Amino acid sequence: MDDQDSRQALARRLRALREERWPGKKVNQAQLAAALGGNGRRPVSVPLISSWESQANPKVPPASRIESIATFFASPRSFDGHVGRLLSLDEMDVQERAARDELLGELTRMRREALGASGLSQTLTTTPGPTQEVAQSLNSGLYRYEDGQRITIACAELPEKLLERMPYTNPSDPDFIELYRFSDPDALLEMFGHLRAANPVSRVEYRAADQLAADDYTGHMVSLGGVDWNEATRSAIKRLQLPVRQVTDWEGSGDAYFEVTEEDGRKVEHRPRLDESGGRPILLEDVALFAWAVSPFNRKRFLTICNGMYGRGTYGAVRALTDERFRDRNMEYIQGRLATSDAFCLLVRVTVEKGVTLTPDWTVPETRLFEWSS
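Right, let's walk through the structure included here. In this numbering scheme, every chain counts its residues from 1 along its sequence in written order. Whole-chain, interface and lining totals are the exception, using all residues; otherwise, since this is a predicted model, local features are given only for residues with pLDDT of at least 70 and side-chain atom pairs are given and counted only at 80 or more. To obtain the side-chain values, all non-hydrogen atoms of the structure were used and water was disregarded.

## Observations concerning the packing of helix α2 (residues 29–36) against helix α4 (residues 63–72)
Lines fitted to C-alpha atoms define the axes here, with helix axes fitted over just the stretch in contact, and angles between the N-to-C directions of these axes take values from 0 to 180 degrees. Where helices and strands are cited, they refer to DSSP runs of H or I of at least four residues and of E of at least two residues respectively, numbered from the N terminus. At a minimum axis separation of 10 Å, α2 and α4 run at an interaxial angle of 110°. Considering their axes alone, α2 and α4 lie roughly perpendicular with respect to each other. Packed against α2, whose contacting residues are Leu32, Ala35 and Leu36, the element α4 presents Arg65, Ser68, Ile69 and Phe72 at the interface. Any angle from 65 to 115 degrees is called roughly perpendicular, while one under 35 is roughly parallel, one over 145 is roughly antiparallel, and all others are oblique. Whether two residues touch is decided by their heavy atoms; if any such pair falls within 4.5 Å, the residues are in contact.

## Considerations on the pairing of strand β3 (residues 220–224)
Here's how the labels work: a residue is buried when its accessible area is under 20% of the maximum for its type, exposed when over 50%, partly exposed in between, all with a 1.4 Å probe on protein chains only. Within β3, 5 of the 5 residues are buried, leaving the element largely enclosed by the surrounding structure. The two faces of β3 match: His220, Val222 and Leu224 on one face and Met221 and Ser223 on the other face are all buried. For two strands to pair, DSSP has to find at least two bridges joining them. Relative to β3, strand β1 (residues 150–155) runs parallel, the two sharing 5 bridges. For Thr152, the partnering residue across the bridge sits in β3 and is Met221. With 4 bridges joining them, β3 and strand β9 (residues 302–308) adopt parallel strand pairing. Bridge pairing in β9 places Met221 opposite Leu303.

## As for the pairing of strand β6 (residues 267–270)
Only one face of β6 is buried, namely the one carrying Val268 and His270, since none of Lys267 and Glu269 on the opposite face is buried. The sheet contact formed by strand β5 (residues 256–261) and β6 spans 4 bridges and is antiparallel. Opposite Val260, over in β6, you have Val268 as the bridge partner. With antiparallel pairing between neighbouring strands as the criterion, β5 and β6 make up a hairpin whose turn holds 5 residues, including Gly265 at a positive phi of roughly 90°.

## Observations concerning a nonpolar patch on the surface
Where nonpolar side chains cluster on the molecular surface, the patch consists of Met166, Tyr168, Ile177, Leu179, Tyr180 and Tyr206 and spans about 460 Å² of accessible area. You can see Leu179 is positioned in the loop between α7 (160–163) and α8 (185–198). Taking relative accessible area as the criterion, Leu179 reaches 31% and is therefore assigned partly exposed. Patch membership requires over 30% relative accessible area and the absence of a salt bridge. Like charges are linked within 9 Å, and nonpolar side chains (Val, Leu, Ile, Met, Phe, Trp, Tyr) within 5 Å. Here the open area of atoms and residues is found with the Shrake-Rupley method and a 1.4 Å probe, where only the protein chains shown may cover a residue. The rule for a salt bridge is simple: a side-chain nitrogen of Lys or Arg has to be within 4 Å of a carboxyl oxygen of Asp or Glu.

## Considerations on the nonpolar core
Tyr143, Met191, Leu195, Leu224, Phe290 and Trp362 are the most contacted members of the largest nonpolar core, which totals 35 residues. When near neighbours in sequence (up to four residues on either side) are disregarded, Phe290 contacts Leu142, Tyr143, Thr304, Ile305, Cys306, Ala317, Leu321, Phe344, Cys345, Leu346 and Trp362. By size, the runner-up hydrophobic cluster in this structure holds 27 residues, among which are Ala209, Leu240, Ile305 and Ala343. In these notes, a set of buried Ala, Val, Leu, Ile, Met, Phe, Trp, Tyr and Cys residues joined through side-chain atoms within 4.5 Å is what counts as a nonpolar core.

Nothing here speaks to function; it is geometry throughout.
In structure tokens form, the structure reads like this:
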């Protein structure tokens, strides 16, 4: 494809979206301009829209406008036949987000080709490669929220009897380290870093589950860890009526497993797999719960649960959608199977190989133990 063809291909696609995306609802250039420039955004003129669609001498839209166009055409709810608007990511359901991600990927690729064919300077924002792919990956998925929204990670604190045996956990100690008091610091560190990267202009905080404020509950929340120490996880599983129950009897029999209720009413137990070496238990395979739902505390926010029978499972549940080698693959599985749900959960195996926690691949049938959607 020559220089002109690449730019014209993008122009034709943009025009086709406007005129043919929704049968029976044709969007004119003025209506699209009003939608893209609404809610305090930089105004868009009709001549500018026309220049993007021109076949004689098409102009290439900036990346921010490509993102807005993908967002607009991701859902027919964006346009009532007369007035258009951009839905926020918080308003979109999983299916609409999936449509946005697919369209954004297509238009971004076409824009990249048009810029390269036009002989424009190659920069990190226009050159295909790892940096651009990472940016696109972070800009999609369940952990990308509307800019400026509050995001809270709820973690359990270790019981006092465990803290007493650990150094640097006493606040009066000159070497006090706050993270040592949390039960899943590796999962917390991984989740916090990913949320900050995916939501650079949003407020991301972590709090002990028993110290959450009203604004934490009604914002986006990610709860890490199990029902024994994390009150937020325990409450969320009940409120969402998930068909999964975590059973732990650490002080008594030591029995620990997830119990799921199948569609036919059968109760099935899923247990971690352990071995023994030198008189000590060795974890070979954990069981982890990943759950996502529209928040029961605020219908415009989302709640996520990452919970393992042990800490390795919690970490694996987090890594499933943060590990750059697996997150897009696992996200595609969700979009293909659970895209229309207001709530869903997966119970999966998390392999531990020579002490190293491996990221679960949800596309492998043997990895998935149970899945459910509302």
